[in-house]
Amino acid sequence: MKRSLKIAAFLLAAVLLTGLFPAVSEAADEKLTGKTAMEITQMMGKGWNLGNTFDATGGKKDDAYSQETSWGNPKVTKELIDGVKAAGFTTIRIPVTWNNYIDKSNGYQIDEAFLNRVNEIVDYAFENDLFVILNVHHEEWVNDKNIHENYEEIGKELNAVWSQLADHFAEYDQHLIFEGMNEPRAVGMGYEWTGNQACYDAVNYLDQVFVDCIRNNGKGYNAVRALMIPGYAASSSPAVLNSIQIPQYNGKDAENVIISVHCYSPYNFCLTDDQESFNPNNSQDTADITSLIGNLNYLFINNGIPVVMGECGATNTRDNEEARKSWFTFIGDITRENGIPAVVWDNGAKGNSGGECHNYFVRETGEPVYPELINAFIYGDPEAKKPKDIFIDFEPYEEGGTTILATPEQFGFTPKTLTKKAKVNHSKDAKVGFSAVIPNSDKNACVTMDLSKFAGKTINVGLYLKSESQGTVTLGILETVKSSPQDLVTAQLDTEWTQITFSYQFGEEACERALFFQGDGVDVFYIDDISITMVEEKDRYEPQVLKEGETGETTEESAANESVEEDSNIDQSEPDNTVQQSNPSSETNSSPYQLIIVLCIVIALAGLVVGAVIVWKKTGEK
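Just so it is clear, the structure is predicted and the values come from calculations on it, not from any experiment.

K.L.:
Explain the overall build of the protein here, please?
P.N.:
The number of helices and strands found in the protein is 13 helices and 26 strands. Looking at the 622 residues of the protein, the share that counts as buried comes to 49%. For the protein, restricting intrachain contacts to residue pairs at least 6 apart in sequence, the fraction spanning at least 24 positions comes to 78%. With an accessible surface of roughly 28800 Å², the protein has 50% of that area assigned to carbon and sulfur atoms.

As structure tokens, then:
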């Protein structure tokens, strides 16, 4: 009888082990790890800021729960975070001002009760499978007016604070991102928002302190945690972006570092009541944004360094909801197309004037205040995502008593260089297209035309070029998923128009795509009469360079063809949704360890069964 009980016990244990091992493996799979910062940013999507809450500076220092309501917002509830998730956001940024709860006389110790309250909100987000950005925000000890002189002392406190946060959150996986500072700057100085070289150097020093602190901690997931670093004031200005130095670690650029930048452009629309309207087809409204995106690509993304737009938004100016919807659609689309997670600023301010009215959720319930704005930001305009053929005639013409001018910027033309050595020039008095200026002294400079909407499509490109002197221009496709630009056509230019035609098939991956022009021996050339049409594979052009007279089509005929309305060229296929991100983990991929475990269990069970039979026979013989 005892022998039979032992056999039964072994069989029961085997059954329990069979259920246990898959459960352990499944739990391990839930942890996000082993991802690069670039892969993480491709997963983050659109985000929302829990602003004017834990980053407030009021409240009582002996009351760890008073600060979050000191600027007028209610206590944060799980319902609010659930509502953010339900609205479609996949990232939440939790700005925190720790200053009131740091004991400077005791090694900069953070008040445990306040830290646990912040931890509670992080847990709400993790329960919703959200990415979380946790930072230090309105710290008076960081935003020192003499930051350029006191950076070493600031660095000591920064290291002490982040050492504690790294210890506390060490076991939170790569869904948790640390952001070293918010907008480090010289508060109260005349150059507070622009800075100078000494200030830029100070911020670079502090970014290095932050990265060293987290990487040297080494606990839990801190060795691979994505770390966000800002430039001076998290500014989007070219001077600040160009000043950012990637922190070093183990003698090379630190890994899993993300550049943090803020964007409230155009300023008069986003942060003042001076401008109520926003027109995505007006380059005056969009130029600052498109220039910023170009600079971020040139400096960072093209070099394998990801970027997060940690704050962006447009204030409510006399209830201009339609204009703000246009802005949110534009900023949402351009960041999505360029692989930049964007996080909308929400301070809970419910008014409609004053420049700081950024309220998108009812804080008590988690209900969205402006669901259409949120949808525009997260998902964009489905109709706008239908690729359309492009026909551009840059020569001004009269329509309804108004001079119509197609500007290069309107169609995605930008200088592909931060220094602006490359230029795009155009005026309504021009008789020929527009001019591209690419100094021969800068071989890396080029002019590009955004073609990101043609992902997965085959296009035929046709256009005319000429120059004021003899020289060469190379045309090609910039597709950042590839290792280098694809040079397709080299054109010998002179003062006569030369027609260029070629074809290209884009991949499906999420990346930057553009037509580029690069000069060699000619630094000023003219571009006109552009046509970009989607075609079936069998209709592709063979690359060629032909003089106008050899094509059988005159410039007048080409211009006439360009008068075809864009609506007649709309692709009638189903509209694309948001850019699909590659997700290798979605493929069926059984772990070899799981197979080995299962095999061992099967063998063990078989052995137990055989043993049981032998024992049973011997018992029967007795």
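Moving on from the model shown.
K.L.:
Is there a simple way to explain the packing of aromatic side chains in this structure?
P.N.:
To describe a pair of aromatic rings, you give the distance between the ring centres and the angle between the ring planes. Under the defined criterion, the tally for this structure stands at 23 aromatic pairs. For the pair Phe 517 and Phe 525, a centre-to-centre distance of 6.2 Å together with 35 degrees between the ring planes defines the contact as tilted. The exposure class assigned to Phe 517 is buried, which follows from its relative accessible area of 0%. The ring of Phe 377 has Lys 46 lying over it, and the distance from NZ or CZ to the ring centre is 5.7 Å.

K.L.:
Got a minute to help me understand the pattern of salt bridges in this structure?
P.N.:
Opposite charge on two side chains lets them pair, provided their charged atoms get close. Using the criterion set out here, one finds 17 salt bridges in the structure. Note that Glu 68 and Arg 117 form a salt bridge whose closest N and O atoms lie 2.8 Å from each other. Within this pair, whereas Glu 68 is found in the loop between β1 (46-49) and α3 (78-86), its partner Arg 117 is found in helix α4 (residues 112-127), the two being separated by 49 residues in sequence. Looking at Glu 68, the relative accessible area reads 2%, which means it is buried. Owing to a relative accessible area of 2%, Arg 117 belongs among the buried residues under this scheme. Here Arg 117 makes a salt bridge to Glu 120, at a shortest N to O gap of 2.9 Å. Here Glu 120 and Arg 117 lie together in helix α4, a separation of three residues that amounts to about one turn. Since its relative accessible area comes to 32%, Glu 120 is described here as partly exposed.

K.L.:
Help me understand the sheet that holds strand β21 (residues 471-479) in this model?
P.N.:
Neighbouring strands of a sheet are bound in pairs by backbone hydrogen bonds; such pairs are parallel or else antiparallel. The five strands are arranged β16-β19-β24-β21-β22 in an open sheet whose pairing can be described as antiparallel. Looking along the sheet, the strands with just one partner apiece sit at the ends: β16 (413-415) and β22 (486-493). Strand after strand, the sheet turns through a mean of 25 degrees between neighbouring axes, direction not considered. Sheet analysis places β21 next to β22, joined by seven bridges and oriented antiparallel. Bridge pairing in β22 links Gly 471 to Leu 493.

K.L.:
I tried to follow the nonpolar core on my own but got confused; where do I start?
P.N.:
Proteins that are soluble and globular tend to have nonpolar side chains buried together. Phe 89, Ile 94, Trp 98, Phe 178 and Trp 327 are the most contacted members of the largest nonpolar core, which totals 102 residues. Element by element, the count of residues in this core is highest for helix α6 (residues 197-217), at ten residues. Excluding residues within four positions of it along the chain, Phe 89 makes contact with Lys 46, Gly 47, Trp 48, Val 84, Leu 130, Val 344, Phe 361, Ile 374, Phe 377 and Ile 378. Counting residues in hydrophobic clusters, the runner-up holds 38 residues, among them Ala 406, Ala 422, Val 461 and Val 489.

K.L.:
Where do I start with the packing of helix α9 (residues 283-299) against helix α10 (residues 321-337) in this structure?
P.N.:
When two helices pack together, their arrangement is captured by the angle between the axes and the distance separating the axes. Remark: α9 packs on α10, axes separated minimally by 11 Å, with the N-to-C direction vectors making an angle of 15 degrees. Relative to α10, the element α9 is oriented roughly parallel. In the crossing of α9 with α10, the sense of the turn from one axis to the other is right-handed. Residues Thr 286, Ile 289, Thr 290 and Ile 293 of α9 pack against Trp 327, Phe 330, Ile 331, Ile 334 and Thr 335 of α10. The residue makeup of the contact of α9 with α10, split by class, is six nonpolar, three polar and no charged.

K.L.:
In this structure, what is going on with the confidence of the model for the protein? I would like to understand it.
P.N.:
A low pLDDT means the predicted coordinates there should not be read in detail. Within the protein, residue pLDDT values average 82, and 77% of them lie at 70 or more. Predicted confidence is poor over residues 1-29, with pLDDT under 50, and the contacts of this stretch with residues over four places away or in other chains come to 15 contacts. Per-residue pLDDT stays below 50 along residues 537-593; that stretch engages in 82 contacts with residues further than four places along the chain or on separate chains.

K.L.:
What am I meant to see in helix α11 (residues 371-379) here?
P.N.:
Every α-helix carries 3.6 residues per turn, so stepping three or four residues along brings you back to the same face. Of all the residues in α11, the buried ones are Leu 373, Ile 374, Ala 376, Phe 377 and Ile 378. Residues of α11 that are buried make contact with β1, β11 (307-312), α10 and β12 (342-344).

K.L.:
Please explain the packing of helix α5 (residues 147-168) against α6 as it appears in this structure.
P.N.:
Two elements in contact, α5 and α6, have axes whose closest approach is 9 Å; the angle formed by their N-to-C orientations is 25 degrees. With respect to α6, the element α5 is oriented roughly parallel. Considering the relative orientation of α5 and α6, their crossing is right-handed. Packed against α5, whose contacting residues are Ile 147, His 148, Tyr 151, Glu 152, Ile 154, Gly 155, Leu 158, Asn 159, Trp 162, Ser 163, Ala 166 and Asp 167, the element α6 presents Ala 198, Cys 199, Ala 202, Val 203, Tyr 205, Leu 206, Val 209, Phe 210, Cys 213, Ile 214 and Asn 217 at the interface. Residue composition of the contact of α5 with α6, by class: 16 nonpolar, five polar and two charged.

Definitions and limits used
- Residues numbered from 1 in each chain as written.
- Predicted model: local features only at pLDDT ≥ 70, side-chain atom pairs only at ≥ 80, totals over all residues.
- Heavy atoms only, no water.
- Helix = DSSP H or I, 4+ residues; strand = E, 2+ residues; numbered from the N terminus.
- Buried < 20%, exposed > 50% of the residue type's maximum accessible area, 1.4 Å probe, protein only.
- Contact = heavy atoms within 4.5 Å.
- Areas by Shrake-Rupley, 256 points an atom, 1.4 Å probe, with all protein chains shown as cover.
- Phe/Tyr/Trp six-rings, centres within 6.5 Å; stacked < 30°, edge-to-face > 60°.
- Lys NZ or Arg CZ within 6 Å of the ring centre and 35° of its normal.
- Salt bridge = Lys/Arg side-chain N within 4 Å of Asp/Glu carboxyl O.
- Pairing = 2+ DSSP bridges.
- Axes fitted to C-alpha atoms, helices over the stretch in contact; angles between N-to-C directions.
- Core = buried A, V, L, I, M, F, W, Y, C linked by side-chain atoms within 4.5 Å.
- Parallel < 35°, antiparallel > 145°, perpendicular 65-115°, else oblique.
- Left-handed = near helix turned anticlockwise from the far one by under 90°.
- Nonpolar A, V, L, I, M, F, W, Y, C, P; charged D, E, K, R; others polar.
- pLDDT = per-residue confidence, 0-100.

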